[in-house]
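# Survey of secondary and tertiary structure
Chain by chain, the residues run as shown.
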Amino acid sequence: MVVESVTKAKVIQGYLGDMFEVLPSYGHVRDLAARSGSVRPNDDFSMQQDALGENVNIARVVFHEITEASIKSALLVPREIDVNLVNAYLARRALDYLIGFNISPLLWRKLPGCQSAGRVQSAALSLISDRETEIDEFKPQEYWTIEVQFNFEEPYASDVEAEMIKFKDNEANNHAEAFGILSSLKNGDRLHLAKLELKQHHTQPPPRYSEGSLVKKLEELGIGRPSTYASTLKVLQDRNYVTVKNRVLYPEFRGRMVSAFLSHHFSEVADYSFTADMETELDNVSAGLTEWKGLLRDYWTRFTSYCSRADSVHIHQVEKMLEKTFGDFLFASLPNKSRTCPSCMEGTLIFKVSRFGAGYFIGCNQHPKCKYIAKTLYGDEEEEESPQKSNSVEEPKLLGLHPGSDEKVFLKNGPYGYYVQLGEDRKGYLPKRSSVSHIKNVDSITLEDALELLRYPVTLGEHPKDGHPVILKLAKVGFSVRHLRTTASVPKNINPKDVTLEKALEFLSGKDVRRSGRPKNKPKVEEAIETW
């Protein structure tokens, strides 16, 4: 017997003993082969599936509760496989496959390091990202409540509390409402004001989704099926699109970019109503009301036109779209909201997609003439660098002169934290700089400290396997070693001066390594359908 989950398999195995071997399917009993060409739209949507083996007889049993009696009763009346349910499954798998295997390569080219999140996952990501946008754009509204307590003379024996009155726009109307509350009193009754309390309040933004509230919302909208929700959330977390903290779902900027790209170029994929309507159509296939290949043909015709248009979009257009969508977030930490490049004083800071690797950054639009980078997201360290907010750039502090070149060495505070710099700023020249954000007391930094920091990056030697350099570098999160696309942090308790090539190779072969950037060879397309 094959059931869908490990938990059910264990419970049912306990009921049936040695009569059956109960196995979890971990997904579909018979799935599409995870490689390119497994669904062929030009060949009437023929599919290449995993083989079941020869002389395998299959029957279906249905039970509606996990009890010993229910399961044993179901086994007494097995039924034939319902071809309509099979067709609905084939249509659902084909849709997910076609979306994944066609959008993922596009995303790789337009948003390096990102993959398609799948049909249901994309709708869930859109819900989480849209909620974050609501929170970003929320403007609190002030309102007041007044609590009034009157004492009444005889024949009233006790105090009566008037109900809470909310003050918003029209104060006169609210006064009228307050007197209306007391309309039950008779003319001539004497009142004594005992207590008057005013409280100021502000409206709150909508809450972020929790795992539970997102599942409830997906159910309300008719998106996906309860059995798929756990895997949906897992995919979003595995792709680093969503982070879960105390059961609250926070969209990563990477996830928000993917959602914005899909909404802009593949509106049907991210649209809630489309995804819900597609579930209804798949239910109709299950009921034998809709022909499954006809459903696929209709969708494929529209979907290929989206792919064609998105493929022709230049990466500069993608950058502009993302900058327009997330400009407030991206540039919020700039001092005085100024986007003038603080290095060349001529260029404008803009959002850019790295042409190498999987990084995104805010840099000067005069590149390569000016190579100033204000902020990096998902760069070498695969972490967003949190800028240290500063309302003004302080006067640079002269630490001394470089003993070899007599160039001045400064301690400076820019829009994104403190750093040391070798040489003075001048037009068309970018001085060497090194962040000191990992040093808590910047006032303690000496000339010797600055010279030591400005040594990096340092090439430790060549990797014995391929001859490529192994580099010791200093980032905002501390020291790390790098070889090609692989980076490993240097433990905090190790002095960087003690890091040799041999020690670096040890770090790079450890478990806590990160890989950044896009591989030189074209990525295998089959990776795009992972866990769908």
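Here is a short report on the structure shown in this document. (Residues numbered from 1 in each chain as written. Predicted model: local features only at pLDDT ≥ 70, side-chain atom pairs only at ≥ 80, totals over all residues. Heavy atoms only, no water.)

## Here we look at the pattern of salt bridges
Evaluation of the coordinates by the stated rule reveals 20 salt bridges. Here aspartate 44 and lysine 293 are joined by a salt bridge, their closest N and O atoms 3.2 Å apart. In this pair, aspartate 44 is assigned in the loop between β3 (39-40) and β4 (46-47) and lysine 293 in helix α11 (residues 292-311), connecting sequence segments 249 residues apart. Among the residues examined, aspartate 44 registers a relative accessible area of 39% and is labelled partly exposed. Exposure remark for lysine 293: the relative accessible area of 19% places this residue in the buried category. In this structure, glutamate 279 and arginine 92 form a salt bridge, with 3.0 Å as the shortest nitrogen-oxygen distance. (Salt bridge = Lys/Arg side-chain N within 4 Å of Asp/Glu carboxyl O. Helix = DSSP H or I, 4+ residues; strand = E, 2+ residues; numbered from the N terminus. Buried < 20%, exposed > 50% of the residue type's maximum accessible area, 1.4 Å probe, protein only.)

## Notes on the sheet that holds strand β22 (residues 513-515)
Strand order in the open sheet formed by five strands is β18-β19-β20-β21-β22, and the pairing between neighbours is antiparallel. Each edge of the sheet is formed by a strand with only one pairing partner; in this case those strands are β18 (458-462) and β22. Ignoring strand direction, the axes of neighbouring strands in this sheet form an average angle of 25 degrees. As defined by bridge partners, β18 adjoins strand β19 (residues 469-475) across four bridges and the pair is classed as antiparallel. Across the sheet, residue glutamate 462 finds its bridge partner in β19, namely proline 469. (Pairing = 2+ DSSP bridges. Axes fitted to C-alpha atoms, helices over the stretch in contact; angles between N-to-C directions.)

## Thoughts on the environment of tyrosine 419
Tracing the chain through its elements places tyrosine 419 in strand β16 (residues 417-422). Residues tyrosine 419 and proline 396, spaced 23 residues apart in sequence, show a C-alpha to C-alpha distance of 9.9 Å. Those residues within four positions of tyrosine 419 in sequence are excluded, and the remaining contacts are Phe410, Leu411, Lys412, Asn413, Gly414, Arg433, Ser434, Ser435 and Val436. (Contact = heavy atoms within 4.5 Å.)

## Observations regarding the nonpolar core
Counting residues in each nonpolar core, the largest one holds 79 residues, and the members touching the most others are Leu111, Phe266, Phe303 and Leu322. Contact partners of leucine 111, with chain neighbours within four places excluded, come to Met257, Val258, Phe261, Val318, Leu322 and Tyr360. By size, the runner-up hydrophobic cluster in this structure holds 27 residues, among which are Leu422, Leu454, Leu472 and Leu508. (Core = buried A, V, L, I, M, F, W, Y, C linked by side-chain atoms within 4.5 Å.)

## Details of the side chain of glutamate 279
Tracing the chain through its elements places glutamate 279 in helix α10 (residues 272-286). Residue glutamate 279 is classed as buried on the basis of its relative accessible area of 2%. Within the structure, the side chain of glutamate 279 is placed 3.2 Å from the side chain of arginine 119, a separation counted as a polar contact. When near neighbours in sequence (up to four residues on either side) are disregarded, glutamate 279 contacts Arg92, Arg119, Val120, Gly222, Ile223, Gly224 and Arg225. (Polar contact = N/O pair within 3.5 Å; in protein donor to acceptor, adjacent residues only side chain to side chain.)

## Regarding the packing of aromatic side chains
Tallied over the entire structure, the rule returns eleven aromatic pairs. On the basis of an interplanar angle of 40 degrees and a centroid distance of 5.8 Å, the ring pair of phenylalanine 266 and phenylalanine 303 is categorised as tilted. With a gap of 37 residues between them, phenylalanine 266 in the loop between α8 (253-265) and α9 (267-270) and phenylalanine 303 in helix α11 connect regions that are remote in the sequence. Exposure class is identical for phenylalanine 266 and phenylalanine 303. Each is buried. (Phe/Tyr/Trp six-rings, centres within 6.5 Å; stacked < 30°, edge-to-face > 60°.)

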